[in-house]
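Residue-level listing of the chains:
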Amino acid sequence: MCSAGSHEYSKGEHGYFELARPTSPALTIQSTSSEFAHIQESGGKRVYDVYLRPWLKAQGAARVLDAGCGLGVGVVAALNDGFDAVGTDVRSVADLWCQNGRSPDEFTVADVTELPFADAVFDAAMALGVMEHVGTQTGQLTLAMDWRDKRAAFAKELERVVRPGGRILIACPNKRFPIDIQHGPTDELSPAPFRNRLFKRFGVNVHQTWGAYHLVSYSDLYRWYGRQRVRPLPLAGYFGYAALERPGVPRSIGRGARAWVEHMPVRLRGTPLNPYVLAEITV
Ligand SMILES: C[S@@+](CC[C@H](N)C(=O)[O-])C[C@H]1O[C@@H](n2cnc3c(N)ncnc32)[C@H](O)[C@@H]1O
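As the structure is a prediction and not an experimental result, all values here were calculated from the model.

### Regarding the overall build of the chain
Secondary structure assignment for the chain yields seven helices and twelve strands. Over its C-alpha atoms the chain spans a radius of gyration of 18 Å, differing by no more than 12% from the 19 Å that the globule rule assigns to 283 residues. Counting only C-alpha atoms, the chain reaches 55 × 40 × 35 Å along its principal axes. Of all intrachain contacts in the chain linking residues separated by at least 6 positions in sequence, the fraction that spans at least 24 positions is 69%.

This is the structure in structure tokens:
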């Protein structure tokens, strides 16, 4: 048990600190399934090796936060590389941490909109595939009433815990690009039978690119952080492309999509022609 301000916090059943208010969704959201955790395990290590390790080394980062780390594959890999890394996620993920032998010294249950860390303690913070789940009703994709506030709070918390001059990395499918291959049409628009059929057949979720929709755009990042501080990064190396190799996806489309993602001109990275938001923010 420990306390901070007027709150008392304790360890959960697996020994991980639960540093979230009793009313926080981080204590109730049902997150990653074991099946998805398996995908995270292999994909997460590849992303770390190919993309994140060079990114962290390039900035000379030492203390690293993975906010919404899921299974925490990146945290473990970073620790093995000598970074002082910690991961936070919701209570339901702690079951998976326990099953996979994650240390309570490095993994903490917390709500990313109220991070339990002092100001400016990290050199770098990552939120990979997390922002689109924040402010949703159940941790999945249908937005709650306060989704805009929750996301702004998450963006602000990342900025608060990173030291001046440090970096934040945010990744999410681009809301302005009409196709998402990471999330199915299980948002509130899902009754549209056309979207469901397309998703079943080709694994693509064709979605709206405006208004209240759970994905994030570069405009969101510019609003939270200011355009000058946001640098759209190349996507090359970030993806494994397994989704493009599934049966039903014509090879030529898979090849074309891959070539576009790997070789997109720099000036188009921050535009609706980029399928993914992958951005570095300077604090
Ligand atoms: C798609 S997973 C991404 C996991 C990991 N970052 C990765 O790249 O594999 C999204 C993660 O965000 C977490 N998450 C969503 N809302 C959260 C919140 N309010 N506080 C903490 N974690 C949250 C989920 O539990 C889930 O593990």
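### A look at helix H3 (residues 91-99)
The set of residues buried in H3 consists of Arg 91, Val 93, Ala 94, Leu 96 and Trp 97. Immediately downstream of H3, the backbone of Gly 101 shows phi near 70°, a positive value.

### So, the confidence of the model for the chain
In low-pLDDT regions, the fine details of the predicted coordinates are not to be read closely. Confidence along the chain averages 90 in pLDDT terms, with 93% of residues attaining 70 or more. Low confidence marks residues 1-5, where pLDDT is under 50. Its contacts with residues over four positions away, or in another chain, come to six contacts.

### A few points about the pairing of strand E12 (residues 276-282)
Every other side chain in a regular strand lies on the same face of the sheet, so the side chains alternate between the two faces. Within E12, five of the seven residues are buried, leaving the element largely enclosed by the surrounding structure. By the bridge criterion, three bridges tie strand E11 (residues 230-232) to E12 in an arrangement that is antiparallel. What sits directly across from Arg 231, in E12, is Glu 280.

### Some details on the nonpolar core
The biggest cluster of nonpolar side chains holds 69 residues, and the ones touching the most others in it are Ala 125, Ile 170 and Val 277. Beyond its immediate stretch of four places on either side in the chain, Ala 125 contacts Leu 65, Ala 67, Leu 158, Val 161, Val 162 and Ile 168.

Definitions and limits used
Residues numbered from 1 in each chain as written. Predicted model: local features only at pLDDT ≥ 70, side-chain atom pairs only at ≥ 80, totals over all residues. Helix = DSSP H or I, 4+ residues; strand = E, 2+ residues; numbered from the N terminus. Rg over C-alpha atoms; globule rule 2.2 N^0.38 Å. Contact = placed C-beta atoms within 7 Å. Buried ≥ 20, exposed ≤ 12 C-beta atoms within 10 Å, placed from the backbone. pLDDT = per-residue confidence, 0-100. Pairing = 2+ DSSP bridges. Core = buried A, V, L, I, M, F, W, Y, C linked by C-beta atoms within 7 Å.

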